[in-house]
Amino acid sequence: MVTVAYLGPPGTFTDAALHRLRADARISALLDGAEAVPAGTPDEALALVREGAADYACVPFENSVDGTVNPTSDALAVGRRLQIFAETELDVVFSILVRPGTAAADVRVLRTHPIAAAQVRRWVAEHLPGARVETTSSTAAGAEEVAAGSADATAAPARAGQINGLVPLAEDVADVRGARTRFVLVGRPGSPLERTGHDRTCVVFGLPHEPNSLVQALTELSIRGIDLTRIGSRPTRVERFTYLFHVDLVGHIDDPVVAEALAALHQRTADLRFLGSWPVADGVGAGTVPPDRAEALDWIEGLRHGAVESPDVEAVESPDVGSPVTGHRAGKHRADDR
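Residues numbered from 1 in each chain as written. Predicted model: local features only at pLDDT ≥ 70, side-chain atom pairs only at ≥ 80, totals over all residues. Heavy atoms only, no water.

**Q** An account of the overall build of the protein chain is needed here, citing residue identities and associated values.
**A** Along the backbone of the protein chain there are 11 helices and 17 strands. Against the 2.2 N^0.38 benchmark of 20 Å for 338 residues, the protein chain shows a C-alpha radius of gyration of 27 Å, more extended than a compact globule. The principal-axis extent of the C-alpha atoms belonging to the protein chain is close to 100 × 45 × 40 Å. Here the protein chain holds 338 residues, and the buried ones make up 43% of them. (Helix = DSSP H or I, 4+ residues; strand = E, 2+ residues; numbered from the N terminus. Rg over C-alpha atoms; globule rule 2.2 N^0.38 Å. Buried < 20%, exposed > 50% of the residue type's maximum accessible area, 1.4 Å probe, protein only.)

**Q** Break down the nonpolar core for me, with residues and values.
**A** One finds V4, L31, C58, I96 and L128 to be the most contacted residues of the largest nonpolar core, which totals 34 residues. With 4 residues, the single largest contributor to this core is helix α1 (residues 13-23). When residues no more than four places from it in sequence are discounted, the contact partners of L31 are V4, L18, L21, R22, Y56 and L185. A5, A54, L76 and C202 belong to the second largest nonpolar core, which has 21 residues in total. (Core = buried A, V, L, I, M, F, W, Y, C linked by side-chain atoms within 4.5 Å. Contact = heavy atoms within 4.5 Å.)

**Q** An account of the pattern of salt bridges is needed here, citing residue identities and associated values.
**A** Side chains carrying opposite charge are able to pair once their charged atoms draw close together. A complete count under the given rule lists 23 salt bridges for this structure. R99 serves as the salt-bridge partner of D152, at 3.8 Å between the closest nitrogen and oxygen. Taken together, the residues span a long stretch of sequence, with D152 in the loop between α6 (139-148) and β9 (153-156) and R99 in the loop between β6 (94-98) and β7 (109-112) at a distance of 53 residues. One salt bridge in this structure joins R304 and E301, with 3.0 Å as the shortest N-O distance. In this pair, R304 and E301 both sit in helix α10 (residues 294-304), 3 residues apart, roughly one turn of the helix. (Salt bridge = Lys/Arg side-chain N within 4 Å of Asp/Glu carboxyl O.)

**Q** I'd like a rundown of the side chain of R273, residues and numbers included.
**A** In this fold, R273 is placed in strand β15 (residues 270-279). Although buried, R273 forms no salt bridge, and the nearest oppositely charged side chain, D271, lies 8.3 Å from it. A distance of 3.1 Å separates a polar side-chain atom of R273 from the backbone oxygen of L76. Among residues more than four places away in sequence, those in contact with R273 are R50, L76, A77, V78, G79, R80, R81, C202, V203 and V204. (Lys, Arg positive; Asp, Glu negative; His and termini not counted. Polar contact = N/O pair within 3.5 Å; in protein donor to acceptor, adjacent residues only side chain to side chain.)

**Q** An account of the pairing of β15 is requested, with residue identities and associated values reported.
**A** Extensive coverage of β15 is indicated by the burial of 7 of its 10 residues. Taken together, the 7 bridges between strand β12 (residues 199-206) and β15 define a ladder with antiparallel strand orientation. Looking at β15, one finds that R200 is bridged to W278. (Pairing = 2+ DSSP bridges.)

Quick look at the structure:
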């Protein structure tokens, strides 16, 4: 049976993201009949995959307000290589959940996940001025702690309240409207899902301490017309003040121009790690698709097999030496001869 570790317990946004991934026809075959296994942190969920205790992990990857989810990004950058196979996105709005009979004035401790705490900070300051905000491992864990009486309120998905017998003190709470979180499905390395034309590729790499090393690496992408959707740096935690660069780009490893760029990065960077190519969540695209080099590659392949010039280039007799010449200069000579 396929097993999927996720940031649990049931009722988290990651739990909801896993349900959405199951329903995605493009990737449903990967998760057919999968059993969900809750984990306390993204790192723990990914460790279960590395250990072989789970086939996949569903973990938060990036938030539109707070940026990259660093625990996930850091865990993917080190250790045995894992690979992203799919993504999905969720709108992020919270319910302020309490035990039945609890009023706003009764809330002294609100406990939730750190990212959730950051996204309701202003609302809490305005509506629960006497509350102290504390963090826990997940939004659903916060709901469990409220149900157990160790906290008075939590900011969590509404479903966490239903699971734990809580009621909403407020609903649809978010300091920034329209916030979304991107979740990824991670497994052990394998063949990526087929190219769709609306794909994303992620790599992590180190660089030597040399002038222009980052510029040179990024130039390998820019000169090929490859669009970047995310770039950041994180400490290696191995040697002080050394960093790994995390880059998301538009395209798939099966796009010839992307494969060419990755090969060039492999030569210019240290410890290049391929984290996968996969279809974007909305099926539309996250940026400018990479240029199609098929015509240029066909031209090269033709030359390898002895083809003459392209069909639109006419061969004519040189007026000087009597040998065939091609291209626009030859055409100009013919016109002048007339």
